[in-house]
Amino acid sequence: MPTPRLRFAPSPTGYLHVGGARTALFNWLYARRHGGQFLLRVEDTDKARSTEESTRAIFEGLQWLGLDWDEEVVYQGANVARHRADAERLVADGHAYRCFCTPAEIEERRKHAEATEGAFKYDRRCDRLPADEVARRVAAGVPSVVRFRVPDVQSTGWNDLVHGAISFPHKDIEDFVILRSDGTPIYNLAVTSDDIAMHITLVMRGDDHISNTPKQIMLYRALGADLPQFAHLPMIHGTDGKKLSKRHGATAVADWQHEGILPQTMVNFLALLGWSPGGEFNEVMTIEELVAKFDADGLLKKASVFDTKKLEWMNGQHLGRMPLDELGPLVARKIAADGGATEHELLARPAWFHALLELLRVRSRTVDDIVRQARPYLGATVTYDAQAAAKAWKEPAEARGLVADARVALAACTPWEPAAIEPALKAVAEARGVGTGKLFGPMRVALTGEANSPGMFDVLGILGRDVALARLDAALVELDRRIGAS
Ligand code: GLU
């Protein structure tokens with residue numbers, strides 16, 4: 001067996017869509033699993049729609065996911081001379097012919113056919129032109145396209161790695177154009193010519209390309225090349241069973257990146273859209289585990305469902321497993337962008353920062369969730385969330401009494417650890433004749449500004465004695481103000 005060579009061949013006409021990323025990933029996983037090569041080909045022959053910005057977005061998306069490619073990127077537009085030469089060779093070998101019918105003539109015949117006998121199929125009239133007439137027209141500069149002559153056999157088929165045996169009857173396939181009158185190649189010729197030149201052994205792509213495959217197989221054969229294997233991956237749907245689109249939320253990989261989804265989550269999640277390792281398995285897998293398990297046997301026929309809830313759940317799982325010295329810089333960068341603290345400030349206190357991450361990541365689904373929840377533990381002061389304060393400080397005088405007693409008890413706590421803090425706060429609650437919940441509510445708003453937070457002892461531990469006491473003092477001032485105003 002030759003080493004597998006696979007490629008991802010995006011058209012650079014937009015961002016990297018999750019469907020494209022899934023195709024890239026499956027090709028990459030297969031290549032890495034089998035010690036083969038994963039190549040990247042930018043299909044930029046459509047000059048009007050291709051942009052450099054899109055090419056860059058595709059590279060960045062692949063890099064973010066960690067899908068590294070082997071060899072230089074191939075730009076399809078640079079190969080037009082070869083595509084043309086292949087078309088000429090097919091003409092010379094009798095597999096293709098020049099067609100002088102103009103688009104207007106074809107259109108007229110199509111309309112006529114559709115009005116009378118039904119579906120239109122090119123009637124091969126130019127294939128019947130005598131050689132000297134063809135030569136005369138070419139010499140006179142009459143524009144022509146090159147059409148591939150569909151062989152006179154029943155059908156063309158292949159054994160698809162996803163769908164099994166597929167076959168297309170030739171009666172439904174007309175002699176298709178492979179070269180336009182301006183000498184530019186049609187998609188099926190360019191792809192086949194490039195896949196042959198790049199020695200691709202397995203073509204894995206979306207199943208929207210299934211109907212192109214018989215034409216490409218005919219071209220391989222006519223060009224005398226070995227056939228690769230084909231695998232056509234099923235569609236990705238939204239949770240409503242419809243084709244995934246913007247209606248379902250973000251469809252660009254970069255959007256998920258900006259939402260705080262980790263690249264390892266995205267890879268894990270995409271890998272399970274149309275593939276399964278089979279049997280009982282844990283859905284949360286590292287990239288290394290995916291490479292070790294991935295194989296064509298596990299490719300699924302059924303459309304897969306892009307469930308954003310599941311993506312977020314999975315991200316929470318990966319967040320929980322990530323080594324802290326990897327997660328730290330990532331969160332620090334986002335906190336810095338959020339304005340809470342500089343990266344330097346955070347990374348200069350690694351033990352404290354790691355404790356904060358440990359505390360917050362179990363309550364988070366995305367990196368952005370962590371950043372949001374970290375806010376109360378960063379700046380010098382907190383902003384009191386209006387709803388949280390309205391509820392926990394509903395009776396400002398009562399809240400003030402509780403916070404003041406807690407402040408006195410905490411000031412006397414040494415060391416600043418749950419073993420000392422817990423009995424001290426319990427004693428405050430008991431003396432006031434309330435449960436600890438009643439005490440912690442007003443304290444929580446005083447310390448974090450919010451109604452929800454990790455456990456009180458964790459919050460006090462992360463804030464440290466000085467900040468905690470200063471926040472209780474600030475809350476007392478605020479509560480006095482509220483008492484005065486009421
Ligand atoms: N450029 C084509 C596309 O983006 C893919 C071609 C192929 O994989 O054969 O749909």
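One structure accompanies this document, and this report is about it. Everything numeric in this text was worked out from a predicted model, so none of it was measured.

## Remarks on the pairing of strand β10 (residues 229-233)
Counting buried positions along β10 yields 4 of 5 residues, so the element is predominantly enclosed. Two elements, strand β9 (residues 202-206) and β10, share 5 bridges in a ladder whose sense is parallel. Looking at β10, one finds that Met204 is bridged to Ala231.

## Considerations on the sheet that holds strand β5 (residues 145-148)
Reading across from one edge, β4-β5-β8 is the order of the 3 strands in this open sheet, with antiparallel pairing throughout. The open sheet has two edge strands with one neighbour each: β4 (96-99) and β8 (177-179). Sheet twist, expressed as the mean angle between neighbouring strand axes with direction ignored, is 45°. Two strands pair when backbone bridges link them, and β4 and β5 are joined in this way by 4 bridges, in the antiparallel orientation. Bridge assignment links Ala96 to a residue of β5, and that residue is Phe148. Packed on one face of the sheet, helix α3 (residues 80-92) meets β4, β5 and β8 and runs near 125° to β8.

## What about the site of the ligand?
Inspection of the region around the ligand gives Arg7, Ala9, Pro10, Ser11, Glu43, Tyr187, Val191, Arg205 and His209 as its neighbouring residues. At 3.0 Å from a nitrogen atom of the ligand is found a side-chain nitrogen or oxygen belonging to Ser11. Within the contact set of the ligand, an oxygen atom lies 3.2 Å away from a side-chain nitrogen or oxygen of Tyr187. Its free accessible area being 300 Å², the ligand has 80% of it covered by the protein chains. By residue class, the composition of the shell around the ligand is 4 nonpolar, 2 polar and 3 charged.

## Some remarks on the nonpolar core
Within the largest apolar cluster, 56 residues are counted, with the highest numbers of intra-cluster contacts made by Leu410 and Leu425. Elements with a minimum of two residues in this core: α12 (324-338), α14 (350-361), α15 (367-374), α16 (386-392), α17 (396-411), α18 (418-432), α19 (436-448) and α20 (456-485). Tallying contributions element by element places α20 first for this core, with 11 residues. With residues near it in sequence (within four places) discarded, Leu425 still touches Ala406, Leu410, Leu439, Phe440, Met443, Met456, Phe457 and Leu460.

Calculation notes
Residues numbered from 1 in each chain as written. Predicted model: local features only at pLDDT ≥ 70, side-chain atom pairs only at ≥ 80, totals over all residues. Heavy atoms only, no water. Buried < 20%, exposed > 50% of the residue type's maximum accessible area, 1.4 Å probe, protein only. Helix = DSSP H or I, 4+ residues; strand = E, 2+ residues; numbered from the N terminus. Pairing = 2+ DSSP bridges. Axes fitted to C-alpha atoms, helices over the stretch in contact; angles between N-to-C directions. Contact = heavy atoms within 4.5 Å. Near = heavy atom within 4 Å. Polar contact = N/O pair within 3.5 Å; in protein donor to acceptor, adjacent residues only side chain to side chain. Areas by Shrake-Rupley, 256 points an atom, 1.4 Å probe, with all protein chains shown as cover. Nonpolar A, V, L, I, M, F, W, Y, C, P; charged D, E, K, R; others polar. Core = buried A, V, L, I, M, F, W, Y, C linked by side-chain atoms within 4.5 Å.

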